[in-house]
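In case you want the letters, here they are:
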Amino acid sequence: MSLVGMDQILQRALRGGYAVGYFEAWDQYSLEAAIEAAEELEAPAILGFGGAVADVAWLDGGGVESMTALGRCLAERSRVPTALLFNEAQSYPQILRGLRGGCNAVMLDSSELSLEENIAATRRVVEAAHALGATVEAELGHLADASDPDKAAPRPTDPDEAARFVAATGVDALAVSVGNVHILTEGEAQIDLDRLAAIYQRVQVPLVIHGGTGFPAAAIRPAIERGVCKFNVGTRLKQLYLEGIASALDALPPSPNVHDYVGSRSERDVFGWGKAMVKAEIKRLIRLYGSAGKAGASS
Ligand code: 13P
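What counts, and at which threshold
Residues numbered from 1 in each chain as written. Predicted model: local features only at pLDDT ≥ 70, side-chain atom pairs only at ≥ 80, totals over all residues. Heavy atoms only, no water. Salt bridge = Lys/Arg side-chain N within 4 Å of Asp/Glu carboxyl O. Helix = DSSP H or I, 4+ residues; strand = E, 2+ residues; numbered from the N terminus. Buried < 20%, exposed > 50% of the residue type's maximum accessible area, 1.4 Å probe, protein only. Near = heavy atom within 4 Å. Polar contact = N/O pair within 3.5 Å; in protein donor to acceptor, adjacent residues only side chain to side chain. Areas by Shrake-Rupley, 256 points an atom, 1.4 Å probe, with all protein chains shown as cover. 1 Å grid on protein atoms, 1.4 Å probe; cavity = no way out; pocket = protein on both sides within 12 Å on 5 of 7 lines; lining within 4 Å. Sits in = over half its atoms within 2 Å of the grid points. Phe/Tyr/Trp six-rings, centres within 6.5 Å; stacked < 30°, edge-to-face > 60°. Lys NZ or Arg CZ within 6 Å of the ring centre and 35° of its normal. Contact = heavy atoms within 4.5 Å. Points joined across faces, edges and corners; volume = space filled by probe spheres on them. Nonpolar A, V, L, I, M, F, W, Y, C, P; charged D, E, K, R; others polar. Core = buried A, V, L, I, M, F, W, Y, C linked by side-chain atoms within 4.5 Å.

Novice: Describe the pattern of salt bridges, with residues and values.
Specialist: Any two side chains of opposite charge can pair if their charged atoms end up close together. Counted by the stated rule, this structure contains 16 salt bridges. A salt bridge links Glu137 to Lys230; its shortest N-O distance comes to 2.5 Å. Here Lys230 lies in strand β10 (residues 228–233) and Glu137 lies in strand β5 (residues 135–140), a separation of 93 residues in the sequence. Among the residues examined, Glu137 registers a relative accessible area of 1% and is labelled buried. Residues joined by salt bridges that share partners form a network here, namely Glu32, Glu36, Glu40, Arg265, Lys275, Lys279 and Lys283.

Here it is, written out as structure tokens:
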């Protein structure tokens, strides 16, 4: 199976009436959690890491290449169709480095730009990525960020602008702002399903929902019926990773042999406890999104 285009994964989901989760990873353990969960449920996978939630100096000092190499290695060995996404890259040079390293899908964090600037920036990304056979996702409209109310105000995606944006850029997937909120850990977002339907009527490309953590379970199926075939989830996974590690630390014996507890990959590995929690949540979400059992060629 191994590496396949994110566009192919999303087009197949669109035809099949289900969505694929992008479970944003930050290290080897979280990448493994995502791929193992997908393999165990025979679901297509979109592995990847995010540029908006990591230190830019670290990313620019080799973080992009390290995460890409880790993800690429797992994607190539995967038993299910797997794409590798560099999500919310912070600059065009970062996009190029992700592509050069082996990401086969990219997204530039351009949603705070004006429409015209966003079109110009995204078109440049599409030219570079498509020349290498890679998929491009872009966001139009802007999401609220529940962790920082001082950040730019949310801007819902306008269906007419969406049509113009997709036609002018040639993007393969469009992330939309329809009430979904980034990093929402208390309560649930209010989703504007009418707006989603209006956008999908105008663009007909796979739609993407960022802010999967606070997205209401009851709106998942209606969203899929309105063109959504990818949900991005990040915050909830990191919460669970920390919880798993915290319980492992609570259970530490006095004077532990540190080699058992750090990096051993045995059942004592404290990061393994975090990974187990993340993996269980990813499996729950894969089932909710309807992509379990969809890894086969006929799905
Ligand atoms: P959450 O962290 O709110 O789940 O959103 C993740 C995301 O949208 C990454 O692109």
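Picking up after the structure, the text goes on.
Novice: Lay out the site of the ligand in plain terms, naming residues and giving numbers.
Specialist: Every residue close to the ligand is listed here: Asn87, Glu88, His182, Ile183, His210, Gly211, Gly212, Thr213, Asn232, Val233, Gly234 and Thr235. In this structure, an oxygen atom belonging to the ligand sits 3.4 Å away from a side-chain N or O atom of Glu88. Interatomic distance of 2.7 Å between a backbone N/O atom of Ile183 and an oxygen atom of the ligand. Across the complex, the protein chains shield 96% of the 300 Å² of accessible surface that the ligand would expose by itself. Applying the majority rule of atoms within 2 Å of the grid points places the ligand in the largest pocket.

Novice: Quick rundown of the packing of aromatic side chains? Include the residues and the values.
Specialist: Inspection of every chain in the model, using the stated rule, returns six aromatic pairs. Here the aromatic rings of Phe23 and Tyr289 are separated by 6.4 Å at their centres, their planes lie at 10 degrees, and the arrangement is stacked. Linking Phe23 in strand β1 (residues 20–23) with Tyr289 in helix α11 (residues 270–289), this pair joins segments that are 266 residues apart in sequence. Taking the relative accessible area as the measure of exposure, Tyr289 reaches 2% and is therefore buried. Arranged with centres 5.7 Å apart and planes meeting at 45 degrees, the rings of Tyr29 and Phe271 form a pair that is tilted. Pair noted here: Tyr29 is in helix α2 (residues 28–40) and Phe271 is in helix α11, with a separation of 242 residues, a long-range link. Judged by its relative accessible area of 30%, Phe271 falls in the partly exposed class. Here a set of aromatic residues connected by ring pairs shows up, and it is made of Phe23, Phe215, Phe231 and Tyr289. Note that Arg124 overlies the ring of Tyr92, its terminal NZ or CZ placed 3.7 Å from the centroid. The ring of Tyr29 has Arg265 sitting right over it, with the charged end atom 3.8 Å from the ring centre.

Novice: Describe in detail the environment of Thr135, supporting the description with residues and values.
Specialist: Among the structural elements, Thr135 can be located in strand β5. Apart from residues lying up to four places away in sequence, Thr135 is in contact with Gly5, Met6, Asp7, Asn104, Ala105, Val106 and Asp172. In this structure the side chain of Thr135 is engaged in a polar contact, spanning 3.4 Å, whose partner is the backbone nitrogen of Met6. Of the polar contacts made by the side chain of Thr135, one reaches the backbone nitrogen of Asp7; its length is 3.1 Å.

Novice: If you had to explain empty space enclosed by the protein to someone new, which residues and values would you point to?
Specialist: Here the structure, examined in full by the defined rule, presents one cavity of 30 Å³ or more. In this model, the largest cavity occupies a volume close to 50 Å³. Residue assignment for the lining of the largest cavity shows that the elements contributing at least two residues are β1, α2 and β2 (45–50). The leading source of residues in the lining of the largest cavity is β2, at three residues. A class-by-class count of the residues in the lining of the largest cavity yields eight nonpolar, two polar and no charged.

Novice: Any details on the nonpolar core? Residues and values, ideally.
Specialist: Grouped together as the largest cluster of nonpolar side chains are 77 residues, with contacts concentrated most on Phe23, Leu174, Leu207, Phe231 and Ile282. Residues in contact with Ile282, not counting those within four places in the same chain, are Phe23, Ala33, Ala34, Ala37 and Leu237. Met6, Val20, Val208 and Cys229 belong to the second-largest nonpolar core, a separate cluster that totals 16 residues.

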